Amino acid sequence: MALAYFLGGGLNERPGMGREMYERHSSVRRWYAQVGEWTGLSPEWILDAPSPPEREFRTGVGAIRQAAFVFAVADLLAESGVSPSVVGGISLGSLIGCCLAGALDRAALFALLDRVRNAPPPAPGAPAEAIATVFFPREFDEALLEGPARPGVHIAADLGQVRGSDLRLLILAGYRAALEELAAEAPGEMVTVLPDHPVAFHSPLQQPLRDFLEPYIAGMPLRDPAIPICTGTSDQALRTAKEVRQLFLDNFTHPVSNGNLMSAMAAEGVRLGLALGPSRFDRVDRAPFPTVRVELPDDLPEALSAVYDHGIAPTGTAPC
């Protein structure tokens, strides 16, 4: 019986995320103090700082907040003897999953996330970037949303079918002007440009950020993961340090798909999934296995019950 942890992308972080776990568990407080030593950010700032529409925050501190919380949840589960045999994540979640799989140490990941905060800003006069959500019916031709038909617009994430409807959810990334033009021409409110997300993530527009980080990623101390890593970039799990290093590079410029993630996890024989921290997995394509979200202190007993109910024996192995 394969137990998987799966992790959402960076758009799910919010101020106050993790506060309940922090206040209830002394081990979580010690962990946040460690993150503070690595990043120079106080636990209070990591937990509660507002999320302004600034490039530096959204690509740096917001990611640090989400990663810190996910690791805190994993540690609490480990204290009860629970650890995964597969990890899966989309976007930022896939990078966090690489640590949980033993491919790199947490300090190295937080050093990377902290380094993102120091990336050069866009060149003066560069077109403003943005992202947009798209809810569209099955019969709609998604090719009309990007490519030659829409210069400056790229599909960044395919999150799949929205539960309880016939609509699919896409995230577009590109130049704000091009996205606003698309939103104005699309029927109804199919396309919504998000006002507080000025980074065209998972698109070719992030090549300068990838170039800035590539020397650091090339020197990151990576190992072959101890367990398979499923991501949104491929329907095949990652099993080597070389594949993990390529994921870290491609995560900035390549699109991701929730369908890829679910297919890879199903192929690994996952029979129960624990969604650590906030995610949108409850809004889109249903996983091909039962799932339990672990986000609040009272979620932990339900998660542990599900593990035992599915016949998954505790391992006593703490996550990396």
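Visitor: What exactly am I supposed to notice about the overall build of the chain here?
Guide: When helices and strands are tallied, the chain shows eleven helices and ten strands. The principal-axis extent of the C-alpha atoms belonging to the chain is close to 55 × 45 × 35 Å. Sorting the 320 residues of the chain into buried and exposed places 55% on the buried side. Of the contacts made within the chain by residues no fewer than 6 positions apart, 75% connect residues no fewer than 24 positions apart. In the chain, 26 side chains carry a positive charge and 38 a negative one; their mean positions are 3 Å apart.

Visitor: How do you make sense of the confidence of the model for the chain when you look at a structure like this?
Guide: Regions with low pLDDT carry predicted coordinates that are not meant to be interpreted in detail. When the pLDDT values of the chain are averaged, the result is 89; 92% of them are 70 or greater. The secondary-structure element of the chain with the lowest mean pLDDT is helix H4 (residues 55-79), recorded at 82, while strand S7 (residues 229-230) shows the highest, at 98. Overall, residues 52-59 carries pLDDT values under 50, and its contacts beyond four positions in sequence, including any with other chains, amount to 28 contacts. This stretch, residues 316-320, has a pLDDT under 50; its non-local contacts, to residues over four places away or in other chains, come to twelve contacts.

Visitor: Can you help me understand the nonpolar core in this one?
Guide: Side chains of nonpolar character tend, in soluble globular proteins, to be buried together. Of all hydrophobic cores here, the largest spans 69 residues; its most connected members are Tyr5, Tyr32, Leu77, Phe248 and Leu274. Looking at this core, the element that brings in the most residues is H4, giving 13 residues. Among all residues touching Tyr32, those that are not within four sequence positions of it are Met17, Gly18, Tyr22, Pro43, Ile46, Leu47, Ala68, Phe69 and Ala72. One finds Ala4, Met262, Val270 and Phe289 within the second-largest nonpolar core, a separate group that totals 26 residues.

Visitor: I tried to follow the pairing of strand S3 (residues 129-137) on my own but got confused; where do I start?
Guide: On a regular strand, each side chain points to the face opposite its neighbour's, so the side chains alternate between the two faces of the sheet. Counting buried residues in S3 gives seven out of nine residues, a clear majority hidden from the surface. Pairing analysis gives nine bridges linking S3 to strand S5 (residues 167-175), with the strands arranged antiparallel. Of the residues in S5, the one forming a bridge with Ala132 is Leu172. Looking at chain direction, S3 and strand S6 (residues 191-193) are connected through three bridges and run antiparallel. Paired with Val134 across the bridge in S6 is Val191.

Visitor: Got a minute to help me understand the sheet that holds S6 in this structure?
Guide: Backbone-to-backbone hydrogen bonds pair the strands of a sheet. The strands run either parallel or antiparallel. The strand order across the open sheet built from five strands is S6-S3-S5-S4-S8, with neighbouring strands paired in mixed fashion. Looking at which strands have only one partner, the edges of the open sheet turn out to be S6 and strand S8 (256-257). Here strand S4 (residues 153-161) runs beside S5; their pairing, made up of seven bridges, is antiparallel. Within the sheet, the bridge partner assigned to Asp158 lies in S5 and is Leu170. In the packing of helix H7 (residues 176-185) onto the sheet, contacts are made with S3, S4, S5 and S6, and the angle to S5 comes to roughly 145 degrees.

Visitor: When you look at the pairing of strand S9 (residues 270-276) in this model, what are you seeing that I'm missing?
Guide: Across the seven residues that make up S9, a large majority, six, are buried. Of the pairings in the sheet, the one linking strand S1 (residues 2-7) to S9 comprises five bridges and is parallel in character. For Phe6, the partnering residue across the bridge sits in S9 and is Ala275. The pairing of S9 with strand S10 (residues 291-294) spans four bridges and is classified as parallel. By the bridge assignment, Gly273 is partnered in S10 with Thr291.

Visitor: Would you mind going over the environment of Gly219 with me for this structure?
Guide: Checked against the element boundaries, Gly219 lands in the loop between helix H8 (207-218) and S7. Taking relative accessible area as the criterion, Gly219 reaches 58% and is therefore assigned exposed.

Visitor: Explain the sheet that holds strand S2 (residues 86-89) to me, please; I cannot follow it from the model alone.
Guide: Here we have five strands laid out as an open sheet, ordered S7-S2-S1-S9-S10, and parallel in their pairing. In the strand order of this sheet, the two ends are held by S7 and S10, each with one partner. In this sheet, S7 lies alongside S2 in parallel orientation, the contact comprising two bridges. Bridged to Gly88 within S7 is Cys230. Running at roughly 165 degrees to S1, helix H10 (residues 258-267) makes contact with S1, S2, S7 and S9 of the sheet. Contacts from helix H11 (residues 299-309) reach S1, S9 and S10, with the element oriented near 150 degrees to S10.

Visitor: For this particular structure, what's the right way to read the state of the cysteines?
Guide: When the sulfur atoms of two cysteines share a covalent bond, that bond is a disulfide. Throughout the structure, instances matching the rule amount to zero disulfides. The closest cysteine sulfur to the non-disulfide-bonded Cys98 is located on Cys99, 7.3 Å from its own sulfur. Between Cys230, a cysteine without a disulfide, and Cys98, which holds the nearest cysteine sulfur, the sulfur-to-sulfur distance is 11 Å. On the accessibility criterion, Cys230 (0% relative accessible area) is buried.

Rules and cut-offs
- Residues numbered from 1 in each chain as written.
- Predicted model: local features only at pLDDT ≥ 70, side-chain atom pairs only at ≥ 80, totals over all residues.
- Heavy atoms only, no water.
- Helix = DSSP H or I, 4+ residues; strand = E, 2+ residues; numbered from the N terminus.
- Buried < 20%, exposed > 50% of the residue type's maximum accessible area, 1.4 Å probe, protein only.
- Contact = heavy atoms within 4.5 Å.
- Lys, Arg positive; Asp, Glu negative; His and termini not counted.
- Charge placed at Lys NZ, Arg CZ, Asp CG, Glu CD.
- pLDDT = per-residue confidence, 0-100.
- Core = buried A, V, L, I, M, F, W, Y, C linked by side-chain atoms within 4.5 Å.
- Pairing = 2+ DSSP bridges.
- Axes fitted to C-alpha atoms, helices over the stretch in contact; angles between N-to-C directions.
- Disulfide = S-S within 2.5 Å.

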